[in-house]
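So the chains spell out like this:
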Amino acid sequence: MLSWRYVCRFCKIDCPFSRICELYTLLQNIRVVLVNTSHPGNIGGAARAMKNMGLSRLVLVQPLDFPAVDATARASGADDVLDNALVVDSLEEALVGCSLAIGTSARDRSIPWPLLDPRECGAKVVEQAGAGEEIALVFGREHAGLTNEELQRCHFHVHIPSNPDFSSLNLAAAVQVLSYEVRMAWLAAQGTPTKVEKFEANSLRSGELATMDEMELFYEHLEKTLVEIGFLDPEKPKHLMPRLRRLYGRSSVNRSEMSILRGILTETQKVARGEPHKRKD
Ligand code: SAH
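Residues numbered from 1 in each chain as written. Predicted model: local features only at pLDDT ≥ 70, side-chain atom pairs only at ≥ 80, totals over all residues.

**Student:** How do you make sense of the overall build of the protein chain when you look at a structure like this?
**Tutor:** When helices and strands are tallied, the protein chain shows 12 helices and nine strands. By the burial criterion, 28% of the 281 residues in the protein chain qualify as buried. Once local pairs closer than 6 in sequence are excluded, the contacts in the protein chain between residues at least 24 apart make up 77%. (Helix = DSSP H or I, 4+ residues; strand = E, 2+ residues; numbered from the N terminus. Buried ≥ 20, exposed ≤ 12 C-beta atoms within 10 Å, placed from the backbone. Contact = placed C-beta atoms within 7 Å.)

**Student:** Can you walk me through the sheet that holds strand S3 (residues 30-35) in this structure?
**Tutor:** Strand pairing in a sheet relies on backbone hydrogen bonds. The paired strands run either parallel or antiparallel. The strand order across the open sheet formed by seven strands is S5-S4-S3-S8-S6-S9-S7, and the pairing between neighbours is parallel. Strands with a single pairing partner mark the edges of an open sheet, and in this sheet they are strand S5 (86-88) and strand S7 (115-116). Inspection of the sheet shows strand S6 (residues 100-104) paired to strand S8 (residues 135-139) by four bridges, in the parallel sense. Directly across from Ile 102, in S8, lies its bridge partner Leu 137. In the packing of helix H8 (residues 171-189) onto the sheet, the strands contacted are S3, S6, S8 and strand S9 (156-158), and the crossing angle to S8 comes to about 155°. (Pairing = 2+ DSSP bridges. Axes fitted to C-alpha atoms, helices over the stretch in contact; angles between N-to-C directions.)

**Student:** Help me understand the site of the ligand, please; the structure alone is not making it clear to me.
**Tutor:** Around the ligand lies a shell of 20 residues, among which Ala 106, Gly 140, Gly 145, Ile 160 and Ala 174 are the nearest. Class assignment of the residues belonging to the shell around the ligand gives a composition of nine nonpolar, nine polar and two charged. (Near = placed C-beta within 6 Å. Nonpolar A, V, L, I, M, F, W, Y, C, P; charged D, E, K, R; others polar.)

**Student:** In this structure, what is going on with the packing of helix H2 (residues 40-52) against H8? I would like to understand it.
**Tutor:** The relative placement of two packed helices comes down to the angle between their axes together with the axis-to-axis distance. Viewed as axis vectors pointing N to C, H2 and H8 meet at an angle of 15°, and their least axial separation amounts to 8 Å. Here H2 is positioned roughly parallel relative to H8, judged by the angle of their axes. Crossing angle aside, the handedness with which H2 passes H8 is right-handed. Residues Asn 42, Gly 45, Ala 46, Ala 49 and Met 50 of H2 pack against Leu 171, Ala 172, Val 175, Gln 176 and Ser 179 of H8. In terms of residue class, the contact of H2 with H8 is built from six nonpolar, four polar and no charged. (Parallel < 35°, antiparallel > 145°, perpendicular 65-115°, else oblique. Left-handed = near helix turned anticlockwise from the far one by under 90°.)

**Student:** What's the story with helix H12 (residues 255-273) in this structure? I'm lost.
**Tutor:** An α-helix turns once every 3.6 residues. As a result, residues three or four positions apart point the same way. With 19 residues, H12 extends 27 Å between its outermost C-alpha atoms, agreeing within 8% with the 27 Å of an ideal straight helix rising 1.5 Å per residue. Positive phi shows up at Gly 274, right after H12, with a value of about 70°. (Expected span 1.5 Å × (residues − 1).)

**Student:** When you look at H2 in this model, what are you seeing that I'm missing?
**Tutor:** With 13 residues, H2 should reach 18 Å at 1.5 Å per residue; the first-to-last C-alpha distance of 19 Å fits that figure. A large share of H2 lies buried, amounting to 12 of its 13 residues. Those residues of H2 not exposed but buried are Pro 40, Gly 41, Asn 42, Ile 43, Gly 44, Gly 45, Ala 46, Ala 47, Arg 48, Ala 49, Met 50 and Lys 51. Packing partners of the buried residues in H2 comprise S3, strand S4 (57-61), helix H3 (69-75), helix H4 (79-83) and H8.

**Student:** Before we go on, may I ask you to explain the nonpolar core in this structure?
**Tutor:** A general tendency of soluble globular proteins is for nonpolar side chains to be buried together. Grouped together as the largest cluster of nonpolar side chains are 52 residues, with contacts concentrated most on Val 33, Ala 46, Met 50, Val 138 and Val 175. Sorting elements by how many residues they give to this core places H8 first, with eight residues. What Val 33 contacts, discounting residues up to four positions off in sequence, is Val 59, Val 61, Ala 94, Ala 136, Leu 137, Val 138 and Phe 139. (Core = buried A, V, L, I, M, F, W, Y, C linked by C-beta atoms within 7 Å.)

**Student:** Looking at this structure, how should I read unusual backbone geometry?
**Tutor:** Leaving glycine out, the prevailing phi sign among residues is negative, and the prevailing peptide bond configuration is trans. The residue after Phe 66, namely Pro 67, is reached through a cis peptide bond having omega -5°. By the secondary structure assignment, Pro 67 is in the loop between S4 and H3. Although it is not a glycine, Ser 76 sits at a positive phi angle of roughly 45°. The topology assignment puts Ser 76 in the loop between H3 and H4. Note on Ser 76: 13 C-beta atoms within 10 Å, which makes it partly exposed. Here Lys 238, not a glycine, exhibits a phi torsion of approximately 50°, which is positive. Note that Lys 238 resides in the loop between helix H10 (212-228) and helix H11 (240-249). Look at Lys 238 and you get exposed, because 9 C-beta atoms sit within 10 Å.

**Student:** Hey, could you run me through the pairing of S3 in this one?
**Tutor:** A regular strand places its side chains on the two faces of the sheet in alternate fashion. Burial runs high along S3: six of the six residues are buried. Residues Ile 30, Val 32 and Leu 34 of S3 are buried on one face, and the alternating residues Arg 31, Val 33 and Val 35, pointing to the opposite face, are buried as well. As paired elements, S3 and S8 share five bridges and run parallel to each other. Each bridged residue has a counterpart across the sheet, and for Val 32 the counterpart in S8 is Leu 137. Note: S3 against S4, five bridges, orientation parallel. Bridge pairing in S4 places Val 35 opposite Val 61. For the crossover that starts at S3, traverses H2 and ends in the parallel S4, the hand is right-handed. (Right-handed = clockwise from strand over helix to strand, strands pointing away.)

Just geometry here; none of it tells us what the structure is for.
So, in structure tokens, the structure goes:
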């Protein structure tokens, strides 16, 4: 048997796609719990934030007004999240089956508790959800947050580092921040490169980077041109060339960029020598 095959925790079968399948399905192990929400619009806003980030399981503990037109309006198409939302009577019920509950709070509480920042929270949630555990992210009431008793039911607390003089986010905005961190951690777990990494990987594709000998020819050309236009005094070069080497050296210049640079130098020389050049006006 091939060593990289193992039984998928979700499909319960041994298949070569198990790892991919697990990664794709782990978001389903995460539930967002909203406690005693008073404004149905916030429930809709939270559903939209969740769906944007790939989360789908919403649990509502005694919402004041749900289902509601405002919830549907603010969900802006995340109706499936609302339709599948579970309405329960207590936080205890909302947490059934969970092995990790993370409570959120807009302010410091008197009881010291293990704290995570939103990024650490995303990483922890993805790690444990990926191991097949059920996770709950618990959010409080608009006006009063979670009670100390409710927070003490949670293993960790998360505070979104906001302005200390105005620390309380809108409930749906808080759901958005944590769902986003979960998504980022989930993308990282798949090894999905960031935009910068993709860009760098593209410009660093083998054979595309200018070679050291090409760079040397460029530096020679650059030095000659700078002398010709009077920018570099060969008697007093100071540290101009080493500085320029350092600048270009950290730029990962590729072949097409190199020909642009060489072209600029050639045209500069022509202008400096009064020879015919590209722009004649
Ligand atoms: N007046 C309440 C704030 C409630 S805001 C209080 O002082 O606690 C509604 C919910 O949004 C909070 O219970 C929490 O779940 C979430 N929330 C808002 N701001 C947050 C922050 N800075 N960090 C973490 N959660 C936050």
